[in-house]
Amino acid sequence: MIRVFALTKRFGQTLAVDRLGFEVARGEVVGFLGPNGAGKTTTIRVLTGYHPATSGQATVDGFDVERQSLAARQRIGYLPENVPIYPELRVVEFLRYRAALKGVPPRQRTAAVERAMQKADVGEVARKLVGHVSRGFRQRVGLADALVANPPILILDEPTSGLDPNQRRRIKQVVRELAAEHTILFSSHILAEVQDVSTRILVIHRGTLRADGVPERLVAEAVGRRLCVAARCSQDALLALVREVAGTAAVPEPAPEGLGACSAVLQPGQDPTGALGERLLAAGIAVRELRLVAPTLEQYFAHITEGSDRAEELAAAGGAEVA
Amino acid sequence: MRGACTVFQKELLSYFVSPVSWIVAVVFYLWRGYELSSMAHYAMLVRADPDLFASATYTLPSTTAMVLLVPALLTMRCFAEERRTGSIELLATAPVRDGEVVLGKWAAATVFYALLWLPSCLLLHVLEYGPFLATDLSFGPVFAAYLGMFLLSAMLLAFGCFASSLTDNVLLAAMLAFLFDFGLVSLPAQVRANLGELAQHYYVRELLDKLDVGRNFDDWFARGLIDTSQVAFYAGGVLFFLFLCTASVASRRVA
């Protein structure tokens, strides 16, 4: 449904998006992750036809976003980051206006507006002026706008930004409900949200794609799980046993008197818990804790963004020394 | 044209709910009414020729303000406000052409301007009754003059839309439009006076004559004459500025 190929966007000397490429298949809910300034909004604006790309190509449902811009825009429901809506209009008037602008036939307009208001749950503020509703409702009015022409693709740019936890939960729930009928590209820099809602994530940093895949698999493959062990024995004996089984560097962890504790980062797919349990049992050591801890998406995110920043800083520093 | 009609309806509604529009309307009609009644009393006092009364109203300050200032005030928000609030992003990402958006906004401003301005000719009709002039006025020249002023204003409204598309500062857009409006009315005569010999050159003279909207108004519309070349000039001006405005709005889509 969405295809981006070698997309580059420059603003003067600033390179906002650098040869970005990804695809989103029909029915997917894809989280578009990245720190502030990573290029998420720029990419989204190119997809929605607001900005032209400097080079590269993007298509939406088979339509080129530049050469067939109207057809591409017809297929997208877009929720911008800061929902800019007309304060002088009532919610229902705003949605009727947007439905007309998006080409919903006059006879179907009332039903389309009703359906969008129901899906976004804004019925209770339908008669209120848009300028008078709370930020949470404003965001949902923006979502209703994105839905009003029932487009096959929804592009939501930081839909929960600036909302309180209850409002965030409500928006996430709405997005989950919409996933059954729409292909969704959902941008955020809040990792838990993306993990909650998305079936796949794209991580963008400094305008380039750093990762693409199912969150759990990406996290497990990139960072590796951690083995945590605590047993009634000395720290050194436990460390030796873990090193034998896990074949990797184990590090001691703080433990109460009389107990040993350590942890080790495992290779992707490695699971030494069974073997280690048997060894401990054979040695007559009472086990207090033996578990695998999966890293969080947050750790993964830090790993690929801060890690790359550090590598680039080091490279720059090295280059400076050589120079 | 669907997009233009939709934008037109929404913009027209926005004018009707905007306090600026109502303030302009109230101030203009109070001012206009006061000026006309004072002028009628004076005309009765000096026993002026009633046929000259209608054409004398075109020189009133309220007419100048309505033609030069109000188009700038009505169009200042057209695009500048959309850019300031970010709602231009909603318009630009909707499946509607930039030209349709521009046309819809200009048409709404022009219709609202017509609704604001044209009823003022009814004030002249009121003056035909007893307490004022108590005589029939010739409305042919009045309609021609109103048409001339309306055409000029339609062109200035098109320029106002263009000025508004250049900035996200509403006041700057209004000032730019007002400077242009004022310049268009006053500069050709000034330039002609300062050019000396060059002003007599055929092409220069023709150009300055065409651009001198004040003199053209006095020569044609104010005398009750509707000249098709004048109508074409204003219609061409409207199209030219709407084209510039569309190009300005669409420039965002140029890599």
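Structure's up top.
Residues numbered from 1 in each chain as written. Chains lettered and ligands numbered in written order. Predicted model: local features only at pLDDT ≥ 70, side-chain atom pairs only at ≥ 80, totals over all residues. Heavy atoms only, no water.

Student: So what's going on with the packing of aromatic side chains? Residues and values would help.
Tutor: Residues and elements named next belong to chain B. Following the criterion strictly, the structure yields 19 aromatic pairs over all chains and no others. Consider the rings of Phe159 and Phe162, whose centres lie 5.8 Å apart with planes at 70 degrees: the pair is edge-to-face. Of this pair, Phe159 and Phe162 both sit in helix α9 (residues 139-165), separated by three residues, roughly a single helical turn. Ring geometry for Phe221 and Tyr234: centres 6.4 Å apart, planes at 40 degrees, overall tilted. Linking Phe221 in the loop between α12 (213-219) and α13 (228-250) with Tyr234 in helix α13, this pair joins segments that are 13 residues apart in sequence. Tyr234 gets classed as buried once you look at its relative accessible area, which sits at 2%. (Phe/Tyr/Trp six-rings, centres within 6.5 Å; stacked < 30°, edge-to-face > 60°. Helix = DSSP H or I, 4+ residues; strand = E, 2+ residues; numbered from the N terminus. Buried < 20%, exposed > 50% of the residue type's maximum accessible area, 1.4 Å probe, protein only.)

Student: Can you tell me about the packing of helix α3 (residues 91-101) of chain A against helix α4 (residues 106-120) of chain A, naming the residues and giving the values?
Tutor: Residue and element names in this part refer to chain A. Two elements in contact, α3 and α4, have axes separated by 9 Å at closest approach and are oriented at 120 degrees. Of the possible angle classes, the one that applies to α3 and α4 is oblique. The hand of the α3/α4 crossing is right-handed. On α4, the residues that touch Val91, Val92, Leu95, Arg96, Ala99 and Ala100 of α3 are Arg109, Val113 and Met117. Of the residues contributing to the contact of α3 with α4, the split by class is seven nonpolar, no polar and two charged. (Axes fitted to C-alpha atoms, helices over the stretch in contact; angles between N-to-C directions. Parallel < 35°, antiparallel > 145°, perpendicular 65-115°, else oblique. Left-handed = near helix turned anticlockwise from the far one by under 90°. Contact = heavy atoms within 4.5 Å. Nonpolar A, V, L, I, M, F, W, Y, C, P; charged D, E, K, R; others polar.)

Student: Explain the side chain of A:Ser198 residue by residue, including any values.
Tutor: Residues and elements named next belong to chain A. Residue position: Ser198 is located in the loop between α7 (191-197) and β9 (200-205). A polar contact is formed between the side chain of Ser198 and the backbone nitrogen of Gly31, at a distance of 3.3 Å. Not counting residues up to four positions away in its chain, the partners in contact with Ser198 are Val29, Val30 and Gly31. (Polar contact = N/O pair within 3.5 Å; in protein donor to acceptor, adjacent residues only side chain to side chain.)

Student: Tell me about the interface of chain B and chain A, and please be specific about residues and values.
Tutor: Chain B puts 26 residues into the contact, and the matching count from chain A is 26 residues. Taken together, both faces of the contact between chain B and chain A bury some 2400 Å²; the carbon and sulfur share is 64%. When the area that chain B buries against chain A is broken down by residue, the three leading residues are B:Glu89, B:Leu90 and B:Pro95, summing to 29%. Summed over the shared surface of chain B and chain A, the result is two salt bridges. The salt bridge involving A:Arg45 is made with B:Glu89; its shortest N-O contact spans 3.0 Å. (Buried area = accessible area lost by both parts, 1.4 Å probe. Salt bridge = Lys/Arg side-chain N within 4 Å of Asp/Glu carboxyl O.)

Student: Could you give an account of the nonpolar core, with specific residues and numbers?
Tutor: Of all hydrophobic cores here, the largest spans 124 residues; its most connected members are A:Phe94, A:Tyr300 and B:Trp106. Ranked by residue count, the leading element in this core is α9(B), at 16 residues. Sequence-distant contacts of B:Trp106, that is, excluding residues within four places in its chain, are made with B:Ala154, B:Leu157, B:Ala158, B:Cys161, B:Val238 and B:Leu242. (Core = buried A, V, L, I, M, F, W, Y, C linked by side-chain atoms within 4.5 Å.)

Student: So what about unusual backbone geometry? Which residues, and what values?
Tutor: All names here are of chain A. Within the chain, Glu158 stands out as a residue other than glycine whose phi angle is a positive 45 degrees. Considering the arrangement of structural elements, one finds Glu158 in the loop between β7 (153-157) and α6 (165-178). Of note in the backbone geometry, Arg206 takes a positive phi value of approximately 50 degrees without being a glycine. Tracing the chain through its elements places Arg206 in the loop between β9 and β10 (208-213). On the basis of relative accessible area, Arg206 is assigned to the partly exposed category, the value being 46%.

Student: Account for the sheet that holds strand β11 (residues 226-231) of chain A, naming residues and giving values.
Tutor: All names here are of chain A. Taken in spatial order, the four strands make up an open sheet running β12-β13-β11-β14, and their pairing is antiparallel. The open sheet is flanked by β12 (250-252) and β14 (287-293), the only strands paired with a single partner. Taken over all neighbouring pairs, the strand axes of this sheet differ in orientation by 15 degrees on average, direction set aside. In this sheet, strand β13 (residues 260-265) lies alongside β11 in antiparallel orientation, the contact comprising six bridges. Across the sheet, Ala231 pairs through a bridge with Gly260, a residue of β13. (Pairing = 2+ DSSP bridges.)

Student: Report on the side chain of B:Lys105, specifying residues and quantitative values.
Tutor: Residues and elements named next belong to chain B. The residue Lys105 is located in helix α7 (residues 98-117) in this model. Assessed through its relative accessible area of 1%, Lys105 is described here as buried. A distance of 2.8 Å separates a polar side-chain atom of Lys105 from the backbone oxygen of Cys78.

Student: Give a description of the pattern of salt bridges that names residues and reports values.
Tutor: Under the definition given, this model contains 27 salt bridges over all chains. Between A:Arg3 and A:Glu23 there is a salt bridge, and its shortest N-O distance comes to 3.5 Å. Placement of the pair is A:Arg3 in strand β1 (residues 2-11) and A:Glu23 in strand β2 (residues 14-24), with a sequence separation of 20 residues. Overall, A:Arg3 belongs to the partly exposed group, its relative accessible area being 34%. The partly exposed category is assigned to A:Glu23, whose relative accessible area is 48%. With a shortest N-O distance of 3.9 Å, B:Glu81 and B:Arg77 are connected by a salt bridge. On the basis of relative accessible area, B:Glu81 is assigned to the buried category, the value being 19%. For B:Arg77, a relative accessible area of 36% puts it in the partly exposed group. Salt bridges sharing partners connect three or more residues here, namely A:Glu88, B:Lys10, B:Glu11, B:Glu82 and B:Lys105.

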